[in-house]
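Examination of the molecular architecture
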Amino acid sequence: SVVIDIDKLKNEIKNKNSLLNEQSKKITKSRNKVIPNLKSNLEIILADLGMDNAKFKFILKKSESYNIYGGDDIEVLFSANKGHNYRSILDVASGGELSRILIAIKSILAQHLNLPTMIFDEIDSGISGEISSSMANLMLKMSKKMQIISITHLAQVAAKGQNQYNVFKKQKSNKISTHIKKLSESERIDEIAKMLSGDEISLSAINHAKELLN
């Protein structure tokens, strides 16, 4: 028969709890140290992306039990406009605002994580005009430290890429297949012009595409 030493197990649990408590306190201390800079950097980036009044509030609360994040429950609140109450990001941010918040967070993470590649799948959804240029410049800045792959329908973003690929579908004998093609310089002009004006490419769209690529 197996003999179980209850006192020994209780002592091991006590030691484990003591270790968890010590480590979680260190994590909480680090979080409280980082939060002011994270808040400031997020708000600066979002101001460049047209969200001048965006404000964040990070609330740390001691959790009832330990979790994968330590001993904290973390609540992130957001206000998009002056005079508006802080609420959960998902409750108050529009699709375009969520896109900008996400890339702002990713751009900060990119400075601290040694990632070889970051993929953005239409992260610029809901973005247009001057803001799309700012977002494209942010991606270009990130690409200095890692490879950035961006799936986009925005001409401003596509034009910033070192290389551009066109993803398209072909139908043959009732079978649809997906293809990808690296574009030449002239093909890039045509594709970016299509993004700007639709399938019927105008001369002004071609000139604009050339300007974006230059």
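See above for the structure.
Computed from a predicted model, the values in this text were never measured in an experiment.

Let us now look at the pairing of strand S5 (residues 147–151). Bridge analysis of strand S4 (residues 117–121) against S5 gives five bridges, and the strand direction is parallel. When the sheet's bridge partners are listed, Met118 is paired in S5 with Ile148. In terms of handedness, the path from S4 via helix H4 (residues 129–142) over to S5 forms a crossover that is right-handed.

Residue pairs spaced three or four apart in an α-helix point in one direction, given the helix's 3.6 residues per turn. If you check helix H3 (residues 95–110), its first and last C-alpha atoms are 22 Å apart, about what 16 residues at 1.5 Å a residue would give, namely 22 Å. Gly96, Glu97, Ser99, Arg100, Ile101, Ile103, Ala104, Ser107, Ile108 and Ala110 are the residues of H3 that are buried. Against helix H1 (6–48), strand S1 (55–67), strand S2 (70–79), helix H2 (89–92), S4 and H4 lie the buried residues of H3.

Between H1 and H3, the least distance of the axes is 9 Å, while the angle of their chain directions is 125°. Overall, the two elements H1 and H3 adopt an arrangement that is oblique. Considering only the axes of H1 and H3, their crossing is right-handed. Here Leu38, Asn41, Leu42, Ile45 and Leu46 of H1 come into contact with H3, specifically with Arg100, Ile101, Ala104, Ile105, Ser107 and Ile108. Broken down by class, the residue content of the contact of H1 with H3 amounts to eight nonpolar, two polar and one charged.

All right, on to unusual backbone geometry then. Even without being a glycine, Ser173 presents a positive backbone phi close to 55°. Summarising the element assignment, Ser173 is placed in the loop between strand S6 (165–172) and strand S7 (175–182). On the basis of relative accessibility, which here comes to 70%, the residue Ser173 falls in the exposed class. At Asn174, a position not held by glycine, the phi torsion is positive, near 60°. The residue Asn174 is located in the loop between S6 and S7 in this model.

Locating Lys14 in the fold gives a position in helix H1. Residue class for Lys14 comes out exposed when judged on its relative accessible area of 59%. On a C-alpha basis, the gap between Lys14 and Gln147 in space is 46 Å, while along the polypeptide they are 133 residues apart.

About the criteria used
- Residues numbered from 1 in each chain as written.
- Predicted model: local features only at pLDDT ≥ 70, side-chain atom pairs only at ≥ 80, totals over all residues.
- Heavy atoms only, no water.
- Pairing = 2+ DSSP bridges.
- Helix = DSSP H or I, 4+ residues; strand = E, 2+ residues; numbered from the N terminus.
- Right-handed = clockwise from strand over helix to strand, strands pointing away.
- Expected span 1.5 Å × (residues − 1).
- Buried < 20%, exposed > 50% of the residue type's maximum accessible area, 1.4 Å probe, protein only.
- Contact = heavy atoms within 4.5 Å.
- Axes fitted to C-alpha atoms, helices over the stretch in contact; angles between N-to-C directions.
- Parallel < 35°, antiparallel > 145°, perpendicular 65-115°, else oblique.
- Left-handed = near helix turned anticlockwise from the far one by under 90°.
- Nonpolar A, V, L, I, M, F, W, Y, C, P; charged D, E, K, R; others polar.

These results come straight from atomic positions and should not be treated as a statement about function.
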